[in-house]
Amino acid sequence: MENELFEKAPVPKAYFTMALPVVMGMVVSLVYNMVDTFFIARTQNTDLVAGVSLCAPIFTLMIALGDIFGLGGSSVISRLFGEKREEEGKRVSGFCFYAAILCGVAVTLLMLFLQTPILRLLGATEDTMEYARQYYRYMAYGAPFIIVSLTPSNLIRTEGLAVQSMIATVTGSIVNIILDPVFIFGFGMGAGGAAIATVLGNVATDILLIYFVKTKSHKLTISPKQIRIEAVTFGGILAIGIPASITNIMQSFGITLTNRYLVQYGTDKVASMGIAMKVNMIVVLVMVGFAFGAQPLLGYNYGAKNTKRLKEILRFDLMVEVGFSVVVAAILALTAPQMVNLFMHDTAIIESGSLMLRCMLISTPLIGVVLVFTTLFQAEGKAVPALLLSVSRQGVLFAICLIILSAVLGYYGVICAQATADVLTALLAISLYVGTEKRLR
């Protein structure tokens, strides 16, 4: 059944069968993020909102580490399944699961040991330190559960179990949404309560994913007896997992760098950017869902050497990403003040947040192009172009744009830097694809 979907089903059917459950999971995650920000913002405490916003890179970093084994492992497994090497794919799944657990425990220890230096690095000040510390501490304890959730949720999609991955993600997000007001207001825990709700939501996701692997999967495992893999296979996981991880690490880097440049203009600007980023996730997370939903199809057909079908999927993927982003970005740009007002009623924050949001939305179609080619390179196991794109959009190119534009345009340069970096990264992605195609011919 799964092989039929990967090999012979019409491309639109195969694409949406794999991608829509991922998109739905992303939408629910988006709702959680919006609700989380909504409840935090309802405190009407700007320092608390800013303190939680400053810790956003920590959560992103955990996702990045989970992606090493989730996306790196799924890339290798998809190609192995395409080559009909299913037993080896099973061992890779077991290895990735337990490697993610060990990684999570290591992160907890490091975060607790280096708590104050990390918070200072993130930009916490005397006004925001107390709130940032509350959120940070509970996120540190929950690191293993957050990191592990990214692994089986990606791996089971290589077997066509996209719906089960969605169910687990959605359930965790719903648990999080329900518990947010309970801990934030009911128990009066503020920022710490939001972090506890996030961790418990990920625990629920982990439990369901383990259940699905044990009861629904025929090709994957979480048995500790099947975790031995060859060094070259481990290298293949890292070759794709690390660039995929760096994408999220660069997101953390980009958020941190933006906040540090914005804080000189006031904590209200940091809070505005945190809200604008949450709203921007409406379009970006759905685009990520489409891109990563298609990745197992790309990897399988690359492993099976079905070049014709691979290119058909790639073209359809680009059409969906760009078309969707143009429509939704236009709607959000027109309603920007109303969207920001949902979170905070402060006039200054609505004004600055609306401008920030519109600057982000300008380049969303180009983000779609970057996502498609990034997931293509990851699916094909092409580590160098995947790495170059991973370090560019919110990393090297973004830092260069931020430094130059902030020096020339000041505050407006800071909020326009990401859109400029998106343009440059999209051009880089297209040139890398054209270059690899020429070398293949």
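Refer to the structure presented above.
Quick caveat: nothing in here was measured; it's all calculated off a predicted structure.

Calculation criteria
- Residues numbered from 1 in each chain as written.
- Predicted model: local features only at pLDDT ≥ 70, side-chain atom pairs only at ≥ 80, totals over all residues.
- Heavy atoms only, no water.
- Helix = DSSP H or I, 4+ residues; strand = E, 2+ residues; numbered from the N terminus.
- Rg over C-alpha atoms; globule rule 2.2 N^0.38 Å.
- Buried < 20%, exposed > 50% of the residue type's maximum accessible area, 1.4 Å probe, protein only.
- Phe/Tyr/Trp six-rings, centres within 6.5 Å; stacked < 30°, edge-to-face > 60°.
- Lys NZ or Arg CZ within 6 Å of the ring centre and 35° of its normal.
- Core = buried A, V, L, I, M, F, W, Y, C linked by side-chain atoms within 4.5 Å.
- Contact = heavy atoms within 4.5 Å.

> Is there a simple way to explain the overall build of the protein chain in this structure?
Helices and strands together make up the secondary structure of the protein chain, namely 19 helices and zero strands. A globule of 441 residues ought to have a C-alpha radius of gyration of about 22 Å, and the protein chain, at 21 Å, matches this closely. For the protein chain, the spread of C-alpha atoms along the principal axes amounts to about 60 × 45 × 35 Å. Buried positions account for 60% of the 441 residues belonging to the protein chain.

> Which parts of the structure should I look at to understand unusual backbone geometry?
Across the chain, the bulk of peptide bonds are trans and the bulk of non-glycine residues have phi less than zero. One non-glycine residue, Lys-84, adopts positive backbone phi at about 65°. Mapped onto the elements, Lys-84 comes out in the loop between helix H4 (56-82) and helix H5 (86-113). Lys-84 sits in the partly exposed class, given a relative accessible area of 48%. Phi angles above zero are rare outside glycine, and Lys-305 is one such case at about 60°. Tracing the sequence through the fold places Lys-305 in the loop between helix H12 (267-303) and helix H13 (307-334).

> Is there a simple way to think about the packing of aromatic side chains in this case?
Each aromatic ring pair is characterised by the separation of its centres together with the angle its planes make. Tallying each qualifying case throughout the model produces 14 aromatic pairs. With a centroid separation of 5.3 Å and 75° between ring planes, the pair formed by Phe-183 and Phe-187 is classed as edge-to-face. Each ring, one from Tyr-411 and one from Tyr-412, has its centre 5.3 Å from the other, and the planes form 70°; the classification is edge-to-face. By the ring-pair criterion, three or more aromatic residues cluster together here, those being Tyr-15, Phe-16, Phe-290, Phe-316 and Phe-324. The aromatic ring of Tyr-138 is capped on one face by Arg-137, whose charged end is 5.2 Å from the ring centroid.

> Just to check I follow, could you spell out the nonpolar core for this structure?
Within soluble globular proteins, side chains that are nonpolar tend to cluster in buried spots. Formed by 133 residues in total, the largest nonpolar core has its most connected members in Met-62, Leu-119, Tyr-135, Met-139, Leu-262, Leu-332 and Phe-373. Considering each element in turn, this core owes the most residues, 19 residues, to H12. Apart from residues no more than four positions distant in its own chain, Met-62 is found in contact with Met-111, Met-139, Ala-140, Ala-143, Ile-146 and Ile-147.

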